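Here's the letter readout for the chains.
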Amino acid sequence: MAEKKGGLGSKMLTKRDFMKVSGLTVGAAILAVGGASTSLATTGSVSVKKWDYEADVIVIGTGPAGLSCAAAAAESGASVIAIDANNKIGGKGILSGGNLGIGGGTRMQKDLGYVETADIIYEDRTVPNLRTDATMKVDTVDNRKVTMGMWRKISGAEDGEGMARAFADNSLDTWNWLDKMGCAFIKANVSKMSQVYRGSRYFTTTAQTLVDRDNGKPGDLTSGGAGIIWPLYDKAEEGGVEFMLSCKMTKIIREDNGGRVVGIEATYNGKTIYMKGKKAVFLGTGSWNGNDNLKQLFLPWLTRYPHITGEPYVKNDGKGIEAAIAIGASLSTDRGSDWHGWHRHPGSLWHRSGAPFGISGFEDGFLDSESIYVNAEGNRFMNEEIGEDNPAWVGGSKPFYFAQICATQTTDKDGPVVWIIMDETSRMKQKLEFKPGENVETFMYGKGNTLEELASAIKVPGANLAASVKRYNELVAKGKDEDFGKQEITAQIIKPPFHAIKWGIQKHNTLGGVTINPKARVLDWNRKPIPGLYAAGESAGAMDLIGLARPIVFGRIAGLTIAKEEK
Ligand SMILES: Cc1cc2nc3c(=O)[nH]c(=O)nc-3n(C[C@H](O)[C@H](O)[C@H](O)COP(=O)(O)OP(=O)(O)OC[C@H]3O[C@@H](n4cnc5c(N)ncnc54)[C@H](O)[C@@H]3O)c2cc1C
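Residues numbered from 1 in each chain as written. Predicted model: local features only at pLDDT ≥ 70, side-chain atom pairs only at ≥ 80, totals over all residues.

S.K.: Please clarify how the overall build of the chain should be interpreted in this entry.
M.R.: Assigned secondary structure in the chain consists of 16 helices and 25 strands. Residues counted as buried form 56% of the 567 residues belonging to the chain. For the chain, the proportion of contacts with a sequence separation of at least 24, taken over those separated by at least 6, is 71%. (Helix = DSSP H or I, 4+ residues; strand = E, 2+ residues; numbered from the N terminus. Buried ≥ 20, exposed ≤ 12 C-beta atoms within 10 Å, placed from the backbone. Contact = placed C-beta atoms within 7 Å.)

As structure tokens, then:
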């Protein structure tokens, strides 16, 4: 059926939504319930007189966590409504690289001769510095200098609520489930880093697939993440899950006196609606990345970065976490998130188009030894090597220091303003082609035949920029960076034209959120499960593991558990 391949789903969903709202049909998974004159549920300020929709489970968010919960619950016979505040399926997951840290003895690992068991995964997540290949010493891994084990030490490396054990024990089944539903896994990478931060030593990569598969044409945005999201979506659809997009949960409804969570309030088509979860409500609303309160709590200096990573594909304003706290959920700290989950992309389109990296070829930094970074005032302000091959680089948190130092500089609406300045000799040496509007956003690139011209192109004070370059050239001649201590200063910035490329710095992942237990049940401040409320993914805390693995493993656990709940 043509419509079934729903792409971003707008066509299909619009039609379905019409059917629901007009009452022309009542799907197996949905009953439009109305007419009751007494309150059906009350909690605090919410008094529900009429449920507009009901299903066994209301899934909030259609990222990897929500889709995994929806697909698993539906597969086990539960009726499911999955909503998303966005008008697209997939959350941040559909923008992701699709590098999946789930293993435990998969067929691909076996084919490649890698040995990984649930116990190895558990050990890697919990025992600091146990393994000789993951010690605190600085090592060269994947061509980078890293301090293995450091992140786990910082984050405590304990097993919280038993989450690491549950993750390890459910990994293989989850991977096999994804494999069977058609995720196009293409290879397994051996990575010592991966054990620390992604959950499996041999994580799988997924073949790139069109993000907008409905309307996609050659050259459109593709991602590995889409290669996981679309099979999950198809599986959910096949199980009868009803999707409602542009539908934002505003409140979670819990019966008074510490009773069950019975449903949610949401806004949909400009109206306030009430949706009943007969068995449960699942929270899969993703990161706190766009929530100033939670930023202040978890990582105050991140308030200097106003963007929400993944916009416009996600609406991660952290309000889902707030809604759960409002009905008694406890919050788990964001251990490790400050260290982890940072990426930086020169000239990236990330915040304009939602493209993860946006441009081809510039995912990594340029030669730091031949360029300087200047701020909005045109002044050099840091050792450009920091965050690149600094020993503190811990499994992917490369730009952590970089991002933190940048946060001390002048910001614009996107965050700290940082320009990479290089000359023509360096550009040619690195074989870089800057094509504004094509491979680099026009507002993120500037060029000038003189430094004054360049300064005017990027709107920084010309005298300061010229002074910064002059000083740097003197330091190169001396062979010593007396100002910031950069180790390698190999080339002066002298040959026109001069180039400036703006850094785009993103926080890809966050870890803190509502506390969950190994069954993905949300815990209150007495560490007791809140009846009827489940969560997974970035909206949930309680485990230091970034990326897709945590949402998918615990989203699936939630779906399987909810399906067995009494109504
Ligand atoms: C560019 C990029 C690349 C990445 N690459 C990788 C990678 O290669 N490997 C890896 O493991 N991880 C990667 N990640 C991280 C990974 O994508 C995330 O960890 C994962 O998507 C989180 O899943 P989630 O379901 O918890 O949240 P999300 O994917 O953020 O989904 C949450 C959904 O909830 C919706 N929502 C929010 N609030 C509400 C509300 N109130 N009502 C209704 N809906 C709501 C949002 O719109 C969104 O669709 C990457 C991230 C980015 C940004």
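More follows now that the structure is in view.
S.K.: Just checking my understanding: could you explain the site of the ligand for this structure?
M.R.: Looking at the ligand, there are 45 residues lining it, with Gly63, Gly91, Gly286, Gly537 and Gly547 nearest. Going through the elements one at a time, helix H2 (64-75), strand S12 (247-254), helix H10 (319-326) and helix H16 (549-563) are the ones with two or more residues in the shell around the ligand. Take the shell around the ligand: its biggest share by element is three residues, from H2. When the residues that make up the shell around the ligand are grouped by side-chain class, the tally is twelve nonpolar, 26 polar and seven charged. (Near = placed C-beta within 6 Å. Nonpolar A, V, L, I, M, F, W, Y, C, P; charged D, E, K, R; others polar.)

S.K.: Help me understand unusual backbone geometry in this model?
M.R.: Glycine aside, the phi torsion of most residues is negative, and most peptide linkages are trans. Backbone torsion omega between proline 496 and proline 497 reads -5°, so that peptide bond is classified as cis. Positive phi outside glycine occurs at lysine 431, with the angle close to 55°. Residue placement: lysine 431 occurs in the loop between helix H13 (424-429) and strand S21 (445-448). In this structure lysine 431 comes out as exposed when scored by C-beta crowding, with 7 C-beta atoms within 10 Å. For lysine 459, which is not a glycine, the phi torsion comes out positive at approximately 60°. Tracing the chain through its elements places lysine 459 in the loop between helix H14 (451-458) and helix H15 (462-478).

S.K.: Would you mind going over the nonpolar core with me for this structure?
M.R.: Generally speaking, a soluble globular protein has its nonpolar side chains buried in company with each other. The biggest cluster of nonpolar side chains holds 144 residues, and the ones touching the most others in it are Ala70, Val80, Phe282, Ala324 and Ala535. Setting aside residues up to four positions removed in sequence, alanine 70 forms contacts with Val59, Val80, Ala82, Ala236, Val241 and Gly559. (Core = buried A, V, L, I, M, F, W, Y, C linked by C-beta atoms within 7 Å.)

S.K.: I'm lost on the environment of glycine 104 in this one. Help?
M.R.: Checked against the element boundaries, glycine 104 lands in the loop between strand S4 (80-83) and helix H3 (107-111). Assessed through the 25 C-beta atoms surrounding it within 10 Å, glycine 104 is described here as buried. For the pair glycine 104 and asparagine 170, spaced 66 residues apart in sequence, the C-alpha separation works out to 8.8 Å. For glycine 104, the contacting residues outside a window of four places in its chain are Glu116, Thr117, Ala118, Ile121, Ala168, Ser171 and Leu172.

S.K.: I'm lost on the confidence of the model for the chain in this one. Help?
M.R.: Here the chain averages 81 in pLDDT, and 78% of its residues register 70 or above. In this model residues 129-138 is a low-confidence stretch, pLDDT under 50, and it forms 20 contacts with partners more than four residues away in sequence or in other chains. Here residues 389-396 is a poorly scored stretch, pLDDT under 50, and it has 27 contacts once near neighbours within four places are set aside; other chains count. (pLDDT = per-residue confidence, 0-100.)

S.K.: For this particular structure, what's the right way to read H2?
M.R.: The periodicity of an α-helix, 3.6 residues per turn, causes residues three or four positions apart to be oriented the same way. In a regular helix each residue adds 1.5 Å, so twelve residues correspond to 16 Å; H2 covers 16 Å between its end C-alpha atoms and thus fits that length. H2 sits mainly inside the fold: twelve of its twelve residues count as buried. By the burial criterion, the buried members of H2 are Pro64, Ala65, Gly66, Leu67, Ser68, Cys69, Ala70, Ala71, Ala72, Ala73, Ala74 and Glu75. Buried residues in H2 make contact with strand S3 (53-60), S4, helix H8 (226-238), strand S14 (271-283) and H16. Glycine 77 sits one or two residues past H2 and shows a positive phi near 100°. (Expected span 1.5 Å × (residues − 1).)

S.K.: Quick question: what am I supposed to make of the pairing of S4 here?
M.R.: The alternating pattern of S4 places Val80 and Ala82 and Ile81 and Ile83 on opposite faces, both of which are buried. Relative to S4, S3 runs parallel, the two being bridged by four bridges. Bridge pairing in S4 places isoleucine 58 opposite isoleucine 81. The pairing of S4 with strand S11 (residues 242-244) spans three bridges and is classified as parallel. Each bridged residue has a counterpart across the sheet, and for alanine 82 the counterpart in S11 is phenylalanine 243. (Pairing = 2+ DSSP bridges.)

S.K.: Sorry, what's going on with H15 here?
M.R.: When the terminal C-alpha atoms of H15 are compared, their 25 Å separation across 17 residues agrees well with the 24 Å that a helix rising 1.5 Å per residue should span. Next to the buried residues of H15 lie strand S17 (372-374), strand S20 (419-422) and H14. Following H15 by one or two positions, glycine 479 has its phi on the positive side, about 75°.

S.K.: Quick question: what am I supposed to make of the environment of tyrosine 268 here?
M.R.: With respect to the helices and strands, the residue tyrosine 268 is situated in strand S13 (residues 261-268). Using a count of 20 C-beta atoms within 10 Å as the deciding quantity, one classes tyrosine 268 as buried. For the pair formed by tyrosine 268 and methionine 244, sequence separation is 24 residues and the distance between their alpha carbons is 8.6 Å.

S.K.: How do you make sense of the packing of H14 against H15 when you look at a structure like this?
M.R.: In a packed pair of helices, the relevant descriptors are the angle between the two axes and the axis-to-axis distance. Taken N-terminus to C-terminus, the directions of H14 and H15 make an angle of 125°; their axes are 8 Å apart at the nearest point. The pairing of H14 with H15 is recorded here as oblique in orientation. The two elements H14 and H15 meet at a crossing, and its hand is right-handed. Across the interface between the two elements, Leu451, Glu452, Leu454, Ala455 and Ser456 of H14 pack against Gly462, Leu465, Ala466 and Val469 of H15. Residues that form the contact of H14 with H15 fall into these classes: six nonpolar, two polar and one charged. (Axes fitted to C-alpha atoms, helices over the stretch in contact; angles between N-to-C directions. Parallel < 35°, antiparallel > 145°, perpendicular 65-115°, else oblique. Left-handed = near helix turned anticlockwise from the far one by under 90°.)

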